[in-house]
Amino acid sequence: MPKAVRITETGGPEVLRWDEVEVGAPGAGQALVRHAAVGVNFIDTYHRSGLYPVPLPSGIGSEAAGVVEAVGPGVTVVRPGDRVVYAGGPRGAYAESRLVPAEVLLPIPAGIDDRTAAAVMLKGMTAQYLIRRTYPVKAGETVLFHAAAGGVGLIACQWLKALGATVIGTVGSDEKAAIARAHGCDHVIVSTREDTAARVKELTGGAGVPVVYDSVGKDTFLNSLDCLRPLGLMVSFGNSSGKVTPFDLTILSQKGSLFLTRPTLATYTATRADLEATANDVFDVLRSGAVKVEVRHVYPLADAQQVHRDLEGRRTVGSVVMTP
Ligand SMILES: NC(=O)c1ccc[n+]([C@@H]2O[C@H](COP(=O)([O-])OP(=O)(O)OC[C@H]3O[C@@H](n4cnc5c(N)ncnc54)[C@H](OP(=O)(O)O)[C@@H]3O)[C@@H](O)[C@H]2O)c1
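Report on the accompanying structure. (Residues numbered from 1 in each chain as written. Predicted model: local features only at pLDDT ≥ 70, side-chain atom pairs only at ≥ 80, totals over all residues. Heavy atoms only, no water.)

### Details of empty space enclosed by the protein
Here the idea is plain: a probe the size of a water molecule rolls over the atoms and shows the empty space left. Which entries qualify depends on this criterion: A 1.4 Å probe that fits into a set of points on a 1 Å grid over the protein atoms alone but cannot get out defines a cavity; an open set with protein on both sides within 12 Å along at least five of seven lines defines a pocket, and lining residues are those with an atom within 4 Å of a point. Grid points are joined across faces, edges and corners, and a volume is the space filled by probe spheres set on the points. Note on residue classes: Ala, Val, Leu, Ile, Met, Phe, Trp, Tyr, Cys and Pro are nonpolar, Asp, Glu, Lys and Arg are charged, and everything else, Gly too, is polar. Annotation comment: domain bounds sourced from an automatic or database domain assignment.
Using the criterion set out here, one finds one cavity of 30 Å³ or more in the structure. There is about 70 Å³ of room inside the largest cavity. Every residue along the wall of the largest cavity is listed here: Gly 151, Leu 154, Ile 155, Gln 158, His 183, Lys 292, Val 293, Glu 294, Arg 296, Gly 318 and Ser 319. Looking at the lining of the largest cavity residue by residue, the classes come out as three nonpolar, five polar and three charged. Counting contributing residues, the lining of the largest cavity receives three or more from each of domain 1 (3–120 + 272–323) and domain 2 (139–262).

Structure follows, in structure tokens:
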């Protein structure tokens, strides 16, 4: 029987269990996918910890690449033998093989290997909608991207640079600062010892930036608002340090009639057309070389507990992948 990581209760990394699971044959609209590489995302820790409540027991993980072994009735988008990747649908990607709704599967273009596909799909599509749709960044603009050396961060910063933006990134250490600089950041702020808003004001001649992409959440939210120019857009898209606490809306008027959005990838890829367009944009920047993805951290799937410890402990750089 195949094995998968599952939770029967929420809590720390220790609640991740490595169990045998029954997979069965694909039903209508489903495909049986044997995973070659599983993408790790910070949202997996929210499901595990209970920050984002999920019905229990539950699988964990949203992203993987592998081979279609069988398809159920009515499936036309993929065939047995196809190499595919997905970033969404029901949780449960931390598995050797599983059933997946075929509508979320995307064929992996030739030239992109399974580990790269699993490393880039969810994070790359996130970077795509943030910088091309939520706030379409134009050449010559200066923008702030938090957690610049993270999984989403390293992809977004390279892509922003390719769009002609001046990129200010925040990181937690000097080692990560060097990596962020090598991946498109013009200016790096080490947030553990510098005041981000003060540095952003200094770097922009007091003007502030038109957009802040903030996935750190609780620890950075208010300071991020102080980085914006009047009418600027605050994009709060994650909670790595915890959920943003409730605040008085008039803060947005006091700080310059600011805009605020709390977007999620699921909304931006809800239709098959949007999913394919977003994914194709990611494949294009990989093919052109504008975005390069080196997978620095590869763990066995059975070591998911350690993966979560390292991700939450800020010890990872770029994308993290697990292999069955
Ligand atoms: N809304 C969406 O559609 C969407 C989609 C994908 C991801 N996200 C969010 O984007 C963020 C990045 O995701 P990812 O998977 O690529 O993770 P990641 O950026 O590789 O890891 C999170 C990073 O956040 C930074 N961080 C700052 N304070 C932290 C704290 N108190 N605890 C832990 N980390 C802290 C750390 O970098 P430093 O040490 O350099 O500060 C850490 O490496 C997450 O918040 C995730 O939830 C949102």
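Read on, since the account is not over.
### Observations concerning the pairing of strand E13 (residues 228–236)
What counts is decided by this rule: A pair of strands is treated as paired once DSSP finds two or more bridges between them. Helix and strand assignments come from DSSP, with helices taken as H or I runs of at least 4 residues and strands as E runs of at least 2, each series counted from the N terminus.
Judged from the five bridges that link them, strand E12 (residues 209–214) and E13 form a sheet pairing that is parallel. Across the sheet, the residue bridging to Val 211 is Leu 233, located in E13. Across three bridges, E13 lies against strand E14 (residues 259–261) in parallel orientation. Within E14, the residue paired with Met 234 across the bridge is Leu 260.

### Quick notes on the sheet that holds E13
Basically, it comes down to this: Axes here refer to lines fitted to C-alpha atoms; in helices the fit is confined to the stretch in contact. Angles between the N-to-C directions go from 0 to 180 degrees. Contact criterion: two residues are considered in contact whenever any of their non-hydrogen atoms come within 4.5 Å of each other.
Read from one edge to the other, the open sheet built from six strands follows the order E11-E10-E9-E12-E13-E14, with strand pairing classed as parallel. At either end of the open sheet lies a strand with only one pairing partner, and these are strand E11 (187–190) and E14. Across the sheet, the mean angle separating the axes of adjacent strands is 15° when strand polarity is ignored. Across the sheet, helix H2 (residues 114–134) is in contact with strand E9 (142–145), E12, E13 and E14; its angle to E13 comes to roughly 150°. Of the strands in this sheet, strand E10 (166–171) and E11 are in contact with helix H4 (residues 174–181), which crosses E11 at around 160°.

Worth remembering: the numbers are spatial, not functional.
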